[in-house]
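Below, each chain spelled out in residue letters.
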Amino acid sequence: ENRSNSPELDWLREGLADMLAAGLSRSDRLTVLGRGQLHDLLRRDNAEKNNISIERAKEIARQTHAEFFITGSFAKIGDRVRLDASLYDAVTGNLQATETLTVDRAEQILTEIDLLSLKISNRLSAPPNEKSDLASVMTDNLEAYRYYSMGVEKAQALQSKEAVDLLEKAVALDPEFAMAHARIGYAYAVSWGQNDIGKPHLERAFQLSGRLTEKDRMSIAAWYAIANFDFPAAINAYREIINRYPLEIEAYWRLGKLLDGEAKQDEAIEIIRQGIRIDAGAKNLYNQLGGVLSRQGKHAEAIAAHERYVALAPTEPNAYDSLGLSFQWSGNYEKAIENYDRALEINPHFEIAIVHLGNTRFRLGQYRESIANFQRYIDSAPSPLERSRGFETISRVYLQAGDLGAAEKYATEGLRIRKDPSWSLYRVVIKRGDVARSRGLEDAILKNLPSGDRGARVNLRFEPYYRGIIALENGRNDEAIEYFRQTIAQAPVAWNIDDFEDCLGLAYLRLGRYDDSVAEFQRILQLNPHYPLAHFHLAEAFRAKGLNELTRDAYLKFLDQWKQADENIPEVLRAKTFIGS
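It should be emphasised that the depicted structure is a prediction, and the values quoted were computed from it without experimental measurement.

Engineer: I'm lost on the overall build of the chain in this one. Help?
Structural biologist: A tally of helices and strands in the chain yields 30 helices and three strands. Relative to a compact globule of 581 residues, whose C-alpha radius of gyration would be 25 Å, the chain shows 27 Å and is just as compact. Principal-axis analysis of the C-alpha atoms gives the chain an extent of 90 × 45 × 40 Å. Counting every position in the chain, which comprises 581 residues, the buried fraction comes to 55%. In the chain, 54% of the contacts between residues at least 6 apart in sequence involve partners at least 24 apart. Counting only carbon and sulfur atoms, one obtains 48% of the accessible surface of the chain, whose full area is about 25300 Å². For the chain, the distance from the average position of its 74 positive side-chain charges to the average position of its 84 negative side-chain charges is 2 Å.

Engineer: Even after reading the chapter, I still don't get the packing of aromatic side chains, so can you show me in this structure?
Structural biologist: Both the distance between ring centres and the angle between the ring planes are used here to describe each pair of aromatic rings. Taken as a whole and judged by the stated rule, the model has 26 aromatic pairs. Ring geometry for Tyr 367 against Trp 562: centres 6.3 Å apart, planes inclined by 85 degrees, an arrangement best described as edge-to-face. Taken as a pair, Tyr 367 in helix α19 (residues 367-380) and Trp 562 in the loop between α29 (548-561) and α30 (570-580) lie far apart in primary sequence, 195 residues in all. In terms of burial, Tyr 367 and Trp 562 fall into one category: buried. Consider the rings of Phe 462 and Trp 495, whose centres lie 5.7 Å apart with planes at 25 degrees: the pair is stacked. Residue Phe 462 is located in helix α24 (residues 462-473), and its partner Trp 495 is located in the loop between α25 (477-489) and α26 (503-510); the two are separated by 33 residues in the primary sequence. An aromatic cluster is defined as three or more aromatic residues linked by ring pairs; in this entry it consists of Trp 423, Tyr 426, Phe 462, Tyr 465, Tyr 466, Phe 484, Trp 495 and Phe 500. Geometry around Tyr 147 places Arg 146 over its ring, the cationic atom sitting 4.9 Å from the centre. Between the NZ or CZ atom of Arg 254 and the centre of the ring of Trp 253, over which it lies, the distance is 4.3 Å.

Engineer: I'm lost on the pairing of strand β3 (residues 95-103) in this one. Help?
Structural biologist: Two faces make up the sheet, and in a regular strand the side chains alternate between them. Sheet topology places strand β2 (residues 80-89) next to β3; eight bridges connect them, and they run antiparallel. For Tyr 88, the partnering residue across the bridge sits in β3 and is Leu 95. What sits between the antiparallel neighbours β2 and β3 is a turn of five residues, in which Gly 93 has the positive phi angle 80 degrees.

Engineer: What's the story with the pattern of salt bridges in this structure? I'm lost.
Structural biologist: It is possible for side chains bearing opposite charge to pair when their charged atoms get close. Tallying each qualifying case throughout the model produces 37 salt bridges. For the salt bridge of Lys 283 with Glu 316, the shortest nitrogen-to-oxygen distance reads 2.2 Å. Highlighted residues: Lys 283 in helix α14 (residues 283-295) and Glu 316 in the loop between α15 (299-312) and α16 (317-330), separated in sequence by 33 residues. The pair Lys 283 / Glu 316 is uniform in exposure class, with both members buried. As a salt-bridge pair, Arg 432 and Glu 408 come within 2.1 Å of each other at their nearest N and O atoms. Highlighted residues: Arg 432 in the loop between α22 (423-431) and α23 (435-447) and Glu 408 in helix α21 (residues 404-417), separated in sequence by 24 residues. Salt bridges linked by common partners bring Arg 461, Glu 501, Glu 520 and Arg 523 together as one network.

Engineer: Just to check I follow, could you spell out the packing of α14 against α15 for this structure?
Structural biologist: Packed helix pairs are characterised by how far apart their axes lie and by the angle those axes make with each other. The N-to-C vectors of α14 and α15 enclose an angle of 160 degrees; their axes lie 8 Å apart at closest approach. Relative to α15, the element α14 is oriented roughly antiparallel. In terms of crossing hand, the pair formed by α14 and α15 is left-handed. Touching Lys 283, Tyr 286, Asn 287, Leu 289, Gly 290, Gly 291, Leu 293 and Ser 294 of α14 are His 299, Glu 301, Ala 302, Ala 305, His 306, Arg 308, Tyr 309 and Leu 312, all from α15.

Engineer: Even after reading the chapter, I still don't get α26, so can you show me in this structure?
Structural biologist: The periodicity of an α-helix, 3.6 residues per turn, causes residues three or four places apart in sequence to face the same way. In terms of residue burial, α26 counts as a mostly covered element, since six of its eight residues are buried. Buried within α26 we find Cys 503, Leu 504, Gly 505, Ala 507, Tyr 508 and Leu 509. Here the buried face of α26 lies against α24, α25, α27 (514-527) and α28 (534-544).

Engineer: Would you mind showing me how to read the sheet that holds strand β1 (residues 68-77) here?
Structural biologist: Two orientations exist for strands paired in a sheet by backbone hydrogen bonds: parallel and antiparallel. Taken in spatial order, the three strands make up an open sheet running β1-β2-β3, and their pairing is antiparallel. On the outer flanks of this sheet lie β1 and β3, each paired with one strand and no other. When the angles between neighbouring strand axes are averaged without regard to direction, this sheet yields 15 degrees. Looking at chain direction, β1 and β2 are connected through ten bridges and run antiparallel. Counted as the bridge partner of Phe 68 is Asp 89 from β2. Strand contacts of helix α3 (residues 54-63): β1 and β2, with the helix running at about 140 degrees to β1, the strand carrying the most contacts.

Thresholds, definitions, all that
- Residues numbered from 1 in each chain as written.
- Predicted model: local features only at pLDDT ≥ 70, side-chain atom pairs only at ≥ 80, totals over all residues.
- Heavy atoms only, no water.
- Helix = DSSP H or I, 4+ residues; strand = E, 2+ residues; numbered from the N terminus.
- Rg over C-alpha atoms; globule rule 2.2 N^0.38 Å.
- Buried < 20%, exposed > 50% of the residue type's maximum accessible area, 1.4 Å probe, protein only.
- Contact = heavy atoms within 4.5 Å.
- Areas by Shrake-Rupley, 256 points an atom, 1.4 Å probe, with all protein chains shown as cover.
- Lys, Arg positive; Asp, Glu negative; His and termini not counted.
- Charge placed at Lys NZ, Arg CZ, Asp CG, Glu CD.
- Phe/Tyr/Trp six-rings, centres within 6.5 Å; stacked < 30°, edge-to-face > 60°.
- Lys NZ or Arg CZ within 6 Å of the ring centre and 35° of its normal.
- Pairing = 2+ DSSP bridges.
- Salt bridge = Lys/Arg side-chain N within 4 Å of Asp/Glu carboxyl O.
- Axes fitted to C-alpha atoms, helices over the stretch in contact; angles between N-to-C directions.
- Parallel < 35°, antiparallel > 145°, perpendicular 65-115°, else oblique.
- Left-handed = near helix turned anticlockwise from the far one by under 90°.

Pasting the structure below:
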């Protein structure tokens, strides 16, 4: 509680709690609630903006199975700052002890607060094992710690750019602030997917390992493994963290995401549910759970998990975006769009929802609106990575619409920003029959296959799909079919404009294996009766077999689902021509 009536010191409400937690964590006889989980618990009823009652503190302690909890206050009188801390029994709520610390200047807090945490540790008969003080393992610069504290808060809210800006200010004030370097690395490599930028910061933190606690060293090891795409090592690191710090909810979330990326969905679900048993209100765990269930095709359970996420975070745009994504994967595009729109009402610049809305419009044949969404994404993009993705996706829409000129233009624009090979450009070159150019692009694509996706392995469908298309274009048909079977055996790509679910059916159709194509598209329609273009391609297979009534019926179902599609789409025109005949 800030009793000084000094708004500029409000950051110390979280900052002092973080400092005390760091001090208490030096005892291996204590398991201390992490800053991130505490912040999340307080946000659930907006308590972080208000004074926290003893009853609310006791409730938080009960939720996290803690035996004790500490509340405190600070006041500034002239230059002096007084800190008061009270230790309570979490079961009875009885006061166990009070401790006080007074410093002559606020700048001394970092060097003196260890005395306060030492007194509390001794009260709990749990003296510290690590002898380093907070100033030596964090920083002795209070202004740097202030920027660090605010930066961590932004990172927890997934505002990576804002977090990095604040953390870089902390490093500028104290170049040896190890955890500030580490958090910059985390923001880039784990949250943002910009591994090459994040790794040097994580390496710098390792070089300053003398200024890290055991828990911080373990966390940085996990982050660095992710930055190096060493996902088995990251999984082992998070298992160790959970074993040593079982209340560290973020570790369950990260481990679940990593296991999902390794196609171990059942194990991921068990880890996520284990975390939920520890904290039934952990919104990120419900978000992750819904995503895994959705990719397993358990749509009702996925929607329920994401509805729980919305209930826990009704003002967060990401909650509505996640719910929209689970509706999208169930084939309920209307509800998906409704939730994406709600996310963008809360934050018009929330680029994730902009992308997912564009993907859904694309699935409905509303190409003009889809392109407008991706242009909006480019305008809101916080980095070249996102801008490049926007141009590549617009190219993909034009490619589907049959406008090769526009598709090449946008793919080339994306390449100017980021030098990775363009899949859309390869497809344009193939359609134009430029064999020599396509071979060079094939080599570049296979040498630069994507590896990571914001803290986990990239979806396992990408590589076999790319290899399958390349094999098909080079006449290696049996090889292509095998790659496409491998593609659909993996969980779908939830965030991409194309999930590649229809790749095997399209290959069969192209190769004249019409019975196999019919069976494959019927399989897809059992998964999602509204899967984009599935009825159209089923009609094409029936048409090739001369089954006119079945062709007409499939075309009609296609046109009904695409009744709001752009009128000049080749598939729409072909279906209408047949119906009219």
